[in-house]
Amino acid sequence: MPMKHIQQLFATRGKDDANSTTLANTLDKDIQTVFNSIEKFIFELLQNADDAGLPDTPVDVSFAVKENLLIFSHNGKHFDFDDVEAISDNAQRRKRGKEIDTEKTGYKGIGFKSVFVVADSVHIISGPYSFRFDKNFPKWQEHAPDNPDGNYPWQIVPILTPPEELPPAMLVDTAKVNFILALRAGV
């Protein structure tokens, strides 16, 4: 089911249509405006870990740096269908048949996008889910001649990435929720 879920989101959100450039430009501007301070992404990752905390379990987080990768991990609740839907969207936090928990800071569904201030590729490995958001994915580059601005809403299009396809530097503790950021040069 998780593989099909990611493939379905990729097919639906990865369409190259008239809205792609508009949506890409809006995402870029929102990210640069809302998260105008480079360090905000760290606070957002910490807040996401807190929001995913399990009852009666202290939140445990870790940061590791390997080559140009920043690996952030926590021991909170693994991603489910709704979490993947939310992180693959912008400001549209959805819960199927459930009330949205407005007590959690991340209920608005925009904080995760702060990672795109420092990274053009972010892998998420959580429970049965393994996918990435990747500005340099070949499909987006193929459309560059049709789109001189090179804009594509890559920040909301998850790309299925099985763990066995990851380079050794990206191997993580799969008992945890993992975010692997490929940091831009100079960050």
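Once a new chain begins, its residue numbering starts again from 1 and follows that chain's sequence as written. This being a predicted model, a pLDDT of at least 70 is required before a residue's local features are given, and a value of 80 or more before pairs of side-chain atoms are given or counted; all residues contribute to the totals for chains, interfaces and linings. Side-chain measures here rest on the full set of heavy atoms in the structure, leaving out hydrogens and waters.

## Things to note about the pattern of salt bridges
Here is step 1: Within this document, salt bridges are pairs made up of a side-chain nitrogen of Lys or Arg and a carboxyl oxygen of Asp or Glu, the two lying within 4 Å of each other. In the structure shown here, the tally under the stated rule is six salt bridges.
Here is step 2: Between D60 and K176 there is a salt bridge, and its shortest N-O distance comes to 3.4 Å. One end of the pair, D60, is in the loop between α3 (40–51) and β1 (61–66); the other, K176, is in the loop between β5 (159–160) and β6 (177–183), with 116 residues separating them in the sequence.
Here is step 3: With a shortest N-O distance of 2.6 Å, D120 and R184 are connected by a salt bridge. On the criterion of sequence distance, the pair formed by D120 in strand β3 (residues 119–126) and R184 in the segment after β6 is long-range, its members being 64 residues apart.
Here is step 4: The exposure class assigned to D120 is buried, which follows from its relative accessible area of 16%.
Here is step 5: Members of the salt-bridge network, linked through shared partners, are K77, D80 and D83. Note on conventions: DSSP H or I runs of at least 4 residues are helices, E runs of at least 2 residues are strands, and numbering of each starts at the N terminus. The buried label applies to any residue whose accessible area, calculated with a 1.4 Å probe on protein chains only, is under 20% of its type's maximum; exposed applies above 50%, and partly exposed to all values in between.

## Observations concerning the sheet that holds β5
Here is step 1: Within the open sheet, the six strands sit side by side as β1-β2-β6-β3-β4-β5. Their pairing is antiparallel. Edge positions in the open sheet fall to β1 and β5, since each of these has one partner strand only.
Here is step 2: In this description, strands pair whenever DSSP reports at least two bridges between them. Pairing of strand β2 (residues 69–74) with β6, which is carried by six bridges, proceeds in the antiparallel orientation. Residue pairing in the sheet places L69 in a bridge with A182 of β6.
Here is step 3: Should any heavy atoms of two residues lie within 4.5 Å, those residues are considered in contact. Interaxial angle, 0 to 180 degrees, is taken between N-to-C directions of lines fitted to C-alpha atoms, where a helix line uses only the stretch in contact. With respect to the sheet, α3 is in contact with β1, β2 and β6, its orientation differing from that of β2 by roughly 25°.

## Focus on the pairing of β6
Here is step 1: Where burial is concerned, most of β6 is hidden: seven out of the seven residues are buried.
Here is step 2: The two faces of β6 match: V177, F179, L181 and L183 on one face and N178, I180 and A182 on the other face are all buried.
Here is step 3: Where β3 and β6 come together, six bridges link them in antiparallel fashion. Residue pairing across strands places H123 opposite I180, the latter belonging to β6.

## Let's talk about the nonpolar core
Here is step 1: Here, nonpolar core means buried Ala, Val, Leu, Ile, Met, Phe, Trp, Tyr and Cys residues that are tied together by side-chain atoms lying within 4.5 Å of each other. If you look at the biggest cluster of nonpolar residues, it comprises 34 residues, and the most contacted ones within it are F79, F112, F131, F179 and L181.
Here is step 2: Residue assignment for this core shows that the elements contributing at least two residues are α1 (2–13), α2 (19–34), α3, β2, α4 (81–87), β3, β4 (129–134) and β6.
Here is step 3: Of all the elements, β6 adds the most residues to this core, at four residues.
Here is step 4: Among residues more than four places away in sequence, those in contact with F179 are L45, L70, I71, F72, H74, F79, I87, F112, H123 and I124.
Here is step 5: If you look at the next biggest cluster of nonpolar residues, it comprises eight residues, including A169, M170, I180 and A182.

## A closer look at the confidence of the model for the protein chain
Here is step 1: Mean pLDDT over the protein chain: 83, with 82% of residues reaching 70 or higher.
Here is step 2: Across the chain, each position has a pLDDT score giving the predictor's confidence in that residue, from 0 to 100. Here residues 104–108 scores under 50 on pLDDT; set against residues more than four positions off or in separate chains, the count is twelve contacts.

## Here's the deal with the packing of aromatic side chains
Here is step 1: Working definition: a ring pair exists when centres of Phe, Tyr or Trp rings (six-membered ring for Trp) sit within 6.5 Å. Plane angles under 30 degrees give stacked, over 60 give edge-to-face, the rest tilted. Going through the model one piece at a time under the given rule, you end up with twelve aromatic pairs.
Here is step 2: Taking the centre distance of 6.4 Å and the plane angle of 65° together, the rings of F79 and F131 count as edge-to-face. One end of the pair, F79, is in the loop between β2 and α4; the other, F131, is in strand β4, and 52 residues separate them in sequence. For the residue pair F79 and F131, the accessibility class agrees, reading buried in each case.
Here is step 3: Centre to centre, the rings of F112 and F116 are 5.6 Å apart; their planes meet at 85°, and the pair counts as edge-to-face. Each member of the pair F112 and F116 is classed as buried.
Here is step 4: Cluster of aromatic residues (ring-pair linked, three or more members): F63, F72, F79, F112, F116, Y129, F131, F133, W154 and F179.

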